[in-house]
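Chain by chain, the residues run as shown.
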Amino acid sequence: MASSHRHELGTFTWIHDPAAQAAAPGLLGRSVLSDLDLNRAEVDALVETALWLKGQRERNQPHPYLAGKTLGMLFEHPSTRTRNAFQAGMEQLGGHATFLGANELQLTRGETLPDTAQILSRYVDGIAVRFGEHRNLITFMGGATVPVLNGLTERFHPIEALGDLLTLHDRFGGLKGLKLAYLGDGNNVCHSLMLSGAAAGMHVVVASPEGYQPDPSLVERAQEIAAQAGGSVTLTGDPHEAVRNADAVYTDVHESMGQPNNPAKRAALAPYKVTTGLMAEAKPTGVFMHCLPMRREQEVEAAVADGPQSIIFEQAANRLHMHKAMLLLTLGPSR
Ligand code: CP
Ligand code: NVA
């Protein structure tokens, strides 16, 4: 990585590549509610910064760039990866994170989301949130005066998609021109992969049944972004067509958090289960990806999830580095 930018932080030196250098000032103080909040240079900067922070951790180099800063984490739904990547990431950056289960706040007694955001903004330097409904995040923003980072709503999961781009970059040495086939439910993770993948110049193909396709307005936005970046976003009903020559085959659970038990949906999505047969139609170098948590044998065969093409745990590991990059570029560094 180029080392053209130096930012002195006490005894530490923040060395960035030119892309990060260009985008970092733009991200400072900003919220990331969806992938649409980030332009192509900012996506590149996040990936480059995450790679750089990953290297520091691998070399056991201290990197306390957010010393003295605090992140609040307001979660309405359970989380293993997002919550812990924010928590551990903040602490590795020398800061502190505090977990706020939505049920433990005065929200349960009717205090409003904007009032809650006003209060929290006076205590912390940034807030990571997980809301069931995206409109609650928008309402929360009415009172927030510090950066708010979306850790999943029913509509978007930007930090997941960015972590996944980091994993693909690690695996293939770059992103532009890679083909990612997403099979299954066209909701939050799918939306974010379409939008961030498009910004990175990838070819994203979504295979899903009628009734469970991604939001057409987001498909259109993703197609516009892809056209600018030299990539593409296409939809199909045929999982075989989607996975043909894919570099990555990706799926998500068929029933997301907060959704009711729905046998009709499970039946409609069943043909989109990732099987060893489908993986054989991807490139020989093709990988299997899943945001996790997964239901083995529902959306993916265990033989695929636990097989040689699976990079699901690399993906989960890379969440940490992407969360740190997002925290550093939006919150920091400490002065
Ligand atoms: N992939 C993901 O966001 O996992 P968690 O729900 O465990 O945070
Ligand atoms: N679509 C899934 C993603 C979990 C990370 C959900 O919303 O539950």
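What counts, and where the lines are drawn
Every residue gets a number counted from 1 within its own chain, in the order that chain's sequence is written. Chain A is the first chain written and ligand 1 is the first ligand written, with later ones labelled in order. Owing to the predicted nature of the model, reporting of local features is limited to residues with pLDDT of at least 70; listing and counting of side-chain atom pairs is limited to 80 or more, with chain, interface and lining totals taken over all residues. The basis for the side-chain values is all heavy atoms of the structure; hydrogens and waters are excluded. Only runs of H or I of at least four residues qualify as helices and only runs of E of at least two qualify as strands under DSSP, and these elements are numbered from the N terminus. We compute the radius of gyration over the C-alpha atoms and compare it with the globule rule, which gives 2.2 Å times the number of residues raised to the power 0.38. Whether two residues are in contact is decided by their heavy atoms: any pair within 4.5 Å suffices. The accessible surface values rely on the Shrake-Rupley method and a 1.4 Å probe; as for residues, cover is taken only from the protein chains in view. In summary, the charge assignment counts Lys and Arg as positive and Asp and Glu as negative, without counting His or the chain termini. By convention, the point assigned to a charge is CZ for Arg, NZ for Lys, CD for Glu and CG for Asp. Near, as used in this document, describes a residue that has one of its heavy atoms within 4 Å of the molecule or strand being considered. Under the rule applied, a polar contact is a pair of N or O atoms within 3.5 Å (in protein, one hydrogen donor and one hydrogen acceptor; residues adjacent in sequence only if both atoms are side-chain atoms). By definition here, a helix of n residues has an expected span of 1.5 Å times n minus one. Three labels apply to residues, based on accessible area from a 1.4 Å probe with only protein chains included: buried if under 20% of the type maximum, exposed if over 50%, partly exposed otherwise in between. By arc we mean the arc of the directions from the helix axis to the C-beta atoms, nothing more. A score from 0 to 100, pLDDT tells how confident the predictor is in each residue. Within this document, salt bridges are pairs made up of a side-chain nitrogen of Lys or Arg and a carboxyl oxygen of Asp or Glu, the two lying within 4 Å of each other. In this scheme, strands are said to pair when DSSP sees at least two bridges between them. Simply put, an axis is a line fit to the C-alpha atoms, just over the touching stretch for a helix, and the angle between two N-to-C directions goes from 0 to 180 degrees.

Peer 1: Looking at this structure, how should I read the overall build of the chain?
Peer 2: Across its full length, the chain carries 13 helices and 11 strands. Taken over the C-alpha trace, the chain has a radius of gyration of 19 Å; the compact-globule value for 335 residues is 20 Å, and the two agree within 12%. The C-alpha extent of the chain, read off along each of the three principal axes, is 55 × 50 × 35 Å. A fraction of 73% describes how many contacts in the chain between residues 6 or more apart in sequence connect residues 24 or more apart. With the model as given, the accessible surface of the chain reaches about 13400 Å², and the carbon-plus-sulfur share is 50%. The centroid of the 28 positive side-chain charges in the chain is displaced by 4 Å from the centroid of its 35 negative side-chain charges.

Peer 1: What is the right way to read the site of ligand 2 from this model?
Peer 2: Within the structure, ligand 2 sits among Leu152, His157, Asn188, Val189, Asp252, Val253, Ser256, Met257 and Leu292. Residue asparagine 188 places a side-chain N or O atom 2.8 Å away from an oxygen atom belonging to ligand 2. Residue methionine 257 places a main-chain N or O atom 2.8 Å away from an oxygen atom belonging to ligand 2. When ligand 2 is considered free in solution it has 270 Å² of accessible area, and contact with the protein chains removes 94% of it.

Peer 1: Sorry if this is basic, but what is going on with the environment of asparagine 84 here?
Peer 2: As for its position among the elements, asparagine 84 is in helix α3 (residues 81-92). C-alpha separation for the pair asparagine 84 and leucine 165, spaced 81 residues apart in sequence, amounts to 19 Å.

Peer 1: What exactly am I supposed to notice about the site of ligand 1 here?
Peer 2: Surrounding ligand 1, one finds Ser79, Thr80, Arg81, Thr82, Arg130, His157, Glu160, Cys291, Leu292 and Arg319. Within the side chain of arginine 130, an N or O atom sits 2.8 Å from an oxygen atom of ligand 1. Here an oxygen atom of ligand 1 sits 2.7 Å away from a polar atom, N or O, in the side chain of histidine 157. When the free accessible area of ligand 1 is taken as 260 Å², the share hidden by the protein chains comes to 95%.

Peer 1: Which parts of the structure should I look at to understand helix α8 (residues 216-229)?
Peer 2: Taking 1.5 Å per residue, 14 residues should reach 20 Å; α8 reaches 20 Å between its end C-alpha atoms and fits that length. Among the residues of α8, Leu218, Val219, Ala222, Ala226 and Ala229 are the ones counted as buried. On an axial view of α8, the arc spanned by its buried residues comes to 100°, and they lie on one face. Exposed positions of α8 whose direction lies more than 90 degrees from the buried face are Pro216, Glu220, Ala227 and Gln228. Of the surrounding secondary structure, the elements contacted by the buried residues of α8 are α2 (40-58), α7 (188-199) and β9 (232-236). Near the N-terminus of α8, the side chain that reaches the backbone nitrogen of serine 217, with its oxygen 2.7 Å away, is that of aspartate 215. Positive phi shows up at glycine 230, right after α8, with a value of about 85°.

Peer 1: It is not clear to me how the confidence of the model for the chain should be interpreted in this structure. Could you clarify?
Peer 2: Do not read the fine detail of predicted coordinates wherever pLDDT is low. Across the chain, the average pLDDT comes to 93, with 93% of residues at 70 or higher. Across the chain, strand β10 (residues 248-251) holds the top mean pLDDT of 99, while strand β1 (residues 5-9) sits lowest at 39. Residue range residues 1-23 is modelled with pLDDT below 50. Its contacts to residues more than four positions away, or to other chains, number 55 contacts.

Peer 1: Sorry if this is basic, but what is going on with the pattern of salt bridges here?
Peer 2: A side chain with one charge can pair with a side chain of the opposite charge if their charged atoms come near. Summed over all chains, the structure comprises 11 salt bridges. Note that glutamate 160 and arginine 319 form a salt bridge whose closest N and O atoms lie 2.6 Å from each other. One end of the pair, glutamate 160, is in helix α6 (residues 158-172); the other, arginine 319, is in helix α13 (residues 312-331), and 159 residues separate them in sequence. Between glutamate 255 and arginine 266 there is a salt bridge, and its shortest N-O distance comes to 3.0 Å. Of this pair, glutamate 255 sits in the loop between β10 and α10 (263-269) while arginine 266 is found in helix α10, placing the two residues 11 residues apart along the sequence.

Peer 1: Sorry if this is basic, but what is going on with the sheet that holds strand β7 (residues 179-183) here?
Peer 2: In any sheet, the strands associate via hydrogen bonds between backbone groups, in a parallel or an antiparallel arrangement. As summarised here, the arrangement of the five strands in space is β9-β8-β7-β10-β11, forming an open sheet in which the pairing is parallel. With partners counted over all chains shown, the strands left at the sheet margins are β9 and β11 (287-290), one partner each. Each neighbouring strand pair of the sheet contributes to a mean axis angle of 20°, computed without reference to strand direction. In this sheet, β10 lies alongside β7 in parallel orientation, the contact comprising four bridges. Paired with leucine 183 across the strands is threonine 251, a residue of β10. Lying on the sheet, α13 is in contact with β10 and β11; it crosses β11 at an angle near 50°.

Peer 1: Which parts of the structure should I look at to understand the environment of leucine 331?
Peer 2: Following the sequence through the fold, leucine 331 ends up in helix α13. What makes leucine 331 buried here is its relative accessible area of 8%. It is 9.9 Å that separates the C-alpha atoms of leucine 331 and tyrosine 65, two residues lying 266 residues apart in sequence. Setting aside residues no more than four positions away along its own chain, leucine 331 makes contact with Leu28, Leu66, Lys69, Met90, Asp125, Gly126 and Pro147.

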